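# Architecture at a glance
Here's the letter readout for the chains.
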Amino acid sequence: MTKAGPGFSTLAIHAGAQPDPTTGARVTPIYQTTSFVFDDTDHAAALFGLQQFGNIYTRIMNPTQAVLEERVAALEGGTAALAVASGHAAQLLVFHTIMRPGDNFVAAKQLYGGSANQFGHAFKSFDWQVRWADCADPASFDAKIDERTKGIFIESLANPGGTFVDIAAIAEVARRHGLPLIVDNTMATPYLLRPLEHGADIVVHSLTKFIGGHGNSMGGIIIDGGTFDWSKSGKYPLLSEPRPEYAGVVLHEVFGNFAFAIAARVLGLRDFGPAISPFNAFMILTGIETLPLRMQRHCDNALAVAKWLKERDKVSWVRYSGLEHDPNNALQMRYSPKGAGAVFTFGLKGGFEAGKRFVEGLELFSHLANIGDTRSLVIHPASTTHRQLTPEQQVAAGAGPDVIRLSIGIEDVADIIADLEQSLAKI
Ligand SMILES: *Cc1c(COP(=O)(O)O)cnc(C)c1O
């Protein structure tokens, strides 16, 4: 270990984990139990009263989950984390912690389609309003903020087009209005960029994607940056007012720079219940050990594929931030010099019909609604993930009718290109 502390690859393998104290097991065990025995009644009372940390019941906390939380918090540079059942569960708990009925938040319209649905439709049931802004134009966030605005939400590397966002510029808007900046870092992962270093206050992930990395386990996580002052005049009552269910505890006073993670756990996860299974936490922990190796290979393969596609006659355009002349290349070089991620889009000259035939002709690529698998994946967003958006929203989100989205895997790049070539030849 260096003076600056362990490096990223060391943390990816070791952070949060120790040999099991009772058995000596080196790999973090799957603590497949619903509940945990108390030492005595005083111990139980202290746990329930938040006077002492400890395991009670796996809906609230579990030792396998705890290692996952410590590891991802370390990789993102946060003070604490809360792992949950999915990326969407993480987003629900983040907004439950800051929003009251009638409040609003401002989100970039360049968003994963599922998040656009959750914000635009499902959140209406809670009377939480989303206001859309353009992540390429920080001033558009300014214009949407009023006294009921509670936060700003962006993706660091935005779906589905794979464009890097000027996080620092949007963080500046958030700071000026005294609002927390929440960043979905799913597509980039902390290997490529750490939003907390650019002014974000909260980071969320779908662990389902690159962090787990093998297409086998759902999960989500919230990372508390420890940077935001939640004490402000009743704006965030869950954090700043006495909690009747915990004998009048004021969370930001007791838990300081990790109060947000505690609130999301003891007031959100506890009551809504989207706990991650210990088995999934174990699978994702195993995946994280190779995150640095996998992400670099994903990026290297994706760049080679994007360059190859750009030279094909049947391809009308390729948008990959890693390409030298891409309009997003300068932001990529600034925020993510190690690579531009694995997900990008391109268009075929034949439009909608050629796109459908191309997807159907691929053999190595899997046609499915996911990203961030070891396997190469393909989808036609306009007919799948972004189907519920209006045509205008589709185009705004980079998911117009001719758009094909690839998530490049870590197979041999020659085989990936050969598959694209044989399918292109057929259209
Ligand atoms: C998949 C995804 C989500 C949602 O995560 P789930 O684990 O599927 O609930 C959120 N944001 C981004 C960027 C995603 O890719």
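Residues numbered from 1 in each chain as written. Predicted model: local features only at pLDDT ≥ 70, side-chain atom pairs only at ≥ 80, totals over all residues. Heavy atoms only, no water.

## Details of the environment of Ala 136
Looking at the secondary structure, you find Ala 136 in the loop between strand S3 (129–133) and helix H6 (138–142). A residue is classified by how much of its surface remains accessible, and Ala 136, at 68% relative accessible area, is exposed. Taking the C-alpha atoms as reference points, Ala 136 and Ile 170, separated by 34 residues in sequence, lie 9.5 Å from one another. (Helix = DSSP H or I, 4+ residues; strand = E, 2+ residues; numbered from the N terminus. Buried < 20%, exposed > 50% of the residue type's maximum accessible area, 1.4 Å probe, protein only.)

## Details of the pairing of strand S9 (residues 220–224)
The element S9 is largely enclosed, with a buried count of five among its five residues. Here S9 shows no split at all, with Gly 220, Ile 222 and Asp 224 on one side and Ile 221 and Ile 223 on the other all buried. Bridge analysis of strand S1 (residues 80–84) against S9 gives five bridges, and the strand direction is antiparallel. Bridge assignment links Ala 83 to a residue of S9, and that residue is Ile 221. In this sheet, S9 lies alongside strand S8 (residues 202–206) in antiparallel orientation, the contact comprising five bridges. Its bridge partner being in S9, Ser 206 is matched across the sheet by Gly 220. (Pairing = 2+ DSSP bridges.)

## What to know about the pattern of salt bridges
Under the definition given, this model contains 14 salt bridges. Note that Glu 69 and Arg 265 form a salt bridge whose closest N and O atoms lie 3.0 Å from each other. Note that Glu 69 is positioned in helix H3 (residues 63–76) and Arg 265 in helix H11 (residues 259–272), a separation of 196 residues in sequence. Overlapping salt bridges bring together Asp 142, Glu 172, Arg 175 and Arg 176 as one network. (Salt bridge = Lys/Arg side-chain N within 4 Å of Asp/Glu carboxyl O.)

## Re the UniProt feature "modified residue: N6-(pyridoxal phosphate)lysine" (unreviewed entry) in the protein
Mapped onto this numbering, the UniProt entry annotates "modified residue: N6-(pyridoxal phosphate)lysine" (unreviewed entry) at Lys 209. Positionally, Lys 209 belongs in the loop between S8 and S9. The residues touching Lys 209, leaving out its near neighbours within four places in the chain, are Tyr 112, Thr 186, Asn 370, Ile 371 and Gly 372. (UniProt positions renumbered as here; feature names shortened; annotations may be inferred. Contact = heavy atoms within 4.5 Å.)

## Focus: the packing of aromatic side chains
Counted by the stated rule, this structure contains 23 aromatic pairs. Between Phe 126 and Phe 272, the aromatic rings sit 6.4 Å apart at their centres with planes inclined by 80 degrees, giving edge-to-face as the arrangement. Taken together, the residues span a long stretch of sequence, with Phe 126 in the loop between helix H5 (113–120) and S3 and Phe 272 in helix H11 at a distance of 146 residues. The ring of Tyr 236 carries the charged tip of Lys 150 above its face, separated from the ring centre by 5.8 Å. Across from the ring centre of Tyr 191, 4.6 Å away, lies the NZ or CZ of Lys 338, which sits over that ring. (Phe/Tyr/Trp six-rings, centres within 6.5 Å; stacked < 30°, edge-to-face > 60°. Lys NZ or Arg CZ within 6 Å of the ring centre and 35° of its normal.)

## Quick look at the site of the ligand
Residues in contact with the ligand amount to 16 residues; listed here are only the nearest, Gly 87, Asp 184, Ser 206, Thr 208 and Lys 209. In this structure, Gly 87 approaches the ligand through a main-chain N or O atom, which is 2.9 Å from an oxygen atom. In isolation the ligand exposes 380 Å². Once the protein is present, 94% of that is buried. No other element matches the three residues that helix H4 (residues 87–98) contributes to the shell around the ligand. Its residues assigned to classes, the shell around the ligand comprises three nonpolar, ten polar and three charged. (Near = heavy atom within 4 Å. Polar contact = N/O pair within 3.5 Å; in protein donor to acceptor, adjacent residues only side chain to side chain. Areas by Shrake-Rupley, 256 points an atom, 1.4 Å probe, with all protein chains shown as cover. Nonpolar A, V, L, I, M, F, W, Y, C, P; charged D, E, K, R; others polar.)

## Some remarks on helix H15 (residues 351–361)
Within the span of H15, buried status applies to Gly 351, Ala 354, Gly 355, Phe 358, Val 359 and Gly 361. What you see down the axis of H15 is that its buried residues fit within an arc of 160 degrees, all on one side. Buried residues in H15 make contact with strand S11 (343–348), strand S12 (366–367), strand S13 (377–379), strand S14 (403–407) and helix H17 (413–425). (Arc of directions from axis to C-beta.)

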